[in-house]
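Secondary and tertiary structure notes
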Amino acid sequence: MPWLQRFSRSVRTIRVRLTIWNSVVVFLAVLIALIAVRERLRYSLLTETDHVLNDEVKELILAVGRCYPDLDQIRVELVQKANSHRDRGWHVRWLNASRETLWVGPPEHAPPEPLAQEVGALDGASIWASDHFRAVEREVKIPGIPRYYLRVGTKTAFIAQDVSRLTELLAPVGFALLLLAPLGGFLLADRAIAPVQQIIATTERLRPSQLEERLEVRGVGDELDQLAIKINHFLDEIADHLRRKRDFVANAAHELRSPVTAIQSSVEVALQHERTTAEYEDLLILISDECRHLGQLVSQLLQLAEAQSEVLRVSFAPVRLDEIVQRTVEMFAPVAEERGVALVGRADQPVSILGNRQQLRQLITNLVDNAVKFTPPGGRVEVQVEFDAAQHRGRMTVRDTGIGIPEENLPRIFERFYQVSKSRDRGTESRGNGLGLSICQAIVDQHQGTIDVSSTPEQGTTFTMTFPLPKE
Ligand code: ADP
């Protein structure tokens, strides 16, 4: 049944639920307030009555004391007292030591028997009560005479009347509050929910291709503002991530197109007309260079994808950094020697971290390759592995005395395809494409490490990496 579904859906909205909760809370609050006021009034009236009756009994006892032993005179006093309060509905009772009534008047205002239930005490007197009567009793203490008790009592109907009159007065107020509660609750909920609906509307407009819009932050600093700030921050990150992905694809395509275009035009040139063997040879060397560059580019793109793959972590095992450094230094020794660069590996003690051997080799290879490439003959490249006892990390530094990196380029050198300038590659055998350091960054990230660079142009560059050590 669609209407039933619609109904149950609308009941589940925060607005309706808040309205219902508000009404329930107001209902309970009004009920409790009414009961509390009623009971308070009843208690006050009873206490007030007890005090007045007590004063009256005290007065009567003084009068009795004055008349004793003239019992007739005492009776006259009692009758007078009883009559004087007849219109207030009071009665007076004179009891002996066994609490048998000796005299009571006026009879139409008094209960037939003395009240049997003692409910409290006040100022040396005792208070007696039944459903419809209340009385204060005091002992008549006159030296030398038998024990008597005097009670002055009243009907309690007037208290019940006063209480129900108050209830009648308050009931319409409570009723009005009950009617207003759902309305107030609904308006409050509507106000509270308005920013949420705005958040929903904005997020509905967002598309992966259109992430410019941001949620409104009203500046009141409440939870919804905090939520909007968090979502906006998250959107910024997603937009940034998507932009980098787009840039990466565009850059990769651009980098791949240059060698392909070069190969294609070389082939076309070769095919235009017959050429000498030497000319064919030159063209084939050119094609071969471009193919090598293309191959290098593709393998670096694969390395990057691999370094970013989460699957890699599954294969992590203890790896000796000092050993890898030693092998890499040995591998680069002939190249360094040819360039006239002194290449040294230093490790005072074995340093083992959890990682992927092949990736860590790649990392050191990239850094040493750059260091040797950008260090002029006579320079020095040093790779050092050590413990950072204070931080409980393994540290590796690749330090060269090469051409350095200008300060303004330093913040960007880990970006994909970022190169300080193509001209710096001239005079080196390999043509870079700006992927080497981003691969390094990805590998270090995978190993939960850090990588930093410091450099002074014409003096040299130092790359410093740290890695967490395995828990013993
Ligand atoms: P590439 O593969 O083009 O060398 P990288 O990502 O490895 O790209 O390096 C980015 C840029 O940083 C390069 O253009 C290079 O100029 C600079 N660079 C990297 N390492 C060094 C270094 N040891 N000394 C001087 N410049 C360096």
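The structure we're discussing is the one just above.
Predicted model, so just to flag it, every value in this text is computed and none were measured. Residue numbers restart at each chain and count upward from 1, following the sequence in its written direction. At least 70 in pLDDT is required for a residue's local features to be given in this predicted model, at least 80 for side-chain atom pairs to be given and counted, and no such filter applies to totals for whole chains, interfaces and linings, which use all residues. Heavy atoms from the whole structure form the basis of all side-chain values; hydrogens and water molecules are not counted.

Okay, the sheet that holds strand 4 (residues 125–129) next. When DSSP finds two or more bridges between two strands, those strands count as paired. Numbering of helices and strands runs from the N terminus, with a helix taken as a DSSP run of H or I at least four residues long and a strand as a DSSP run of E at least two residues long. Taken together, 6 strands build an open sheet; the order of strands is 2-1-6-5-4-3 and the sheet is antiparallel. Strands at the two margins of the open sheet, each flanked by one partner only, are strand 2 (101–105) and strand 3 (118–122). Averaged over all adjacent pairs, the angle separating strand axes in this sheet is 20 degrees, with direction ignored. Docked against the sheet, helix 2 (residues 14–67) engages strand 1 (90–96), strand 3, strand 4, strand 5 (133–140) and strand 6 (148–155), running at close to 35 degrees with respect to strand 5. For helices, the fitted axis covers only the stretch in contact; all axes are lines through C-alpha atoms, and the angles between them, taken along N-to-C directions, range from 0 to 180 degrees. Residue contacts are defined here by distance: any two heavy atoms, one from each residue, within 4.5 Å place the two residues in contact.

Each cavity reported here is a set of points on a 1 Å grid over the protein atoms alone in which a 1.4 Å probe fits but cannot get out, each pocket an open set with protein on both sides within 12 Å along at least five of seven lines, and each lining residue one with an atom within 4 Å of a point. Grid points are joined across faces, edges and corners, and a volume is the space filled by probe spheres set on the points. Per the stated rule, a full pass over the model turns up 1 cavity of 30 Å³ or more. For the largest cavity, the calculated volume is near 70 Å³. Looking at the largest cavity, the residues that line it are P195, Q198, I199, T202, L215, E216, R218, L224, D225 and A228. At 4 residues, helix 4 (residues 157–205) tops the list of elements feeding residues into the lining of the largest cavity.

Turning our eyes to something else, we now look at the layout of surface pockets. Summary: where empty space remains is shown by rolling a probe the size of a single water molecule over the atoms. A volume near 720 Å³ is recorded for the second largest pocket. Along the walls of the second largest pocket sit 23 residues, with R244, Q308, F414, E415 and R416 positioned nearest its centre. Going through the elements one at a time, helix 5 (223–272), helix 6 (277–308) and helix 9 (436–446) are the ones with two or more residues in the lining of the second largest pocket. Considering each element in turn, the lining of the second largest pocket owes the most residues, 7 residues, to helix 5. Residues were grouped as follows: Ala, Val, Leu, Ile, Met, Phe, Trp, Tyr, Cys and Pro as nonpolar; Asp, Glu, Lys and Arg as charged; and all remaining residues, including Gly, as polar. Taken together, the residues that form the lining of the second largest pocket break down as 7 nonpolar, 6 polar and 10 charged. Source of the domain bounds: an automatic or database domain assignment. Both domain 2 (223–306) and domain 3 (314–468) contribute no fewer than three residues apiece to the lining of the second largest pocket.

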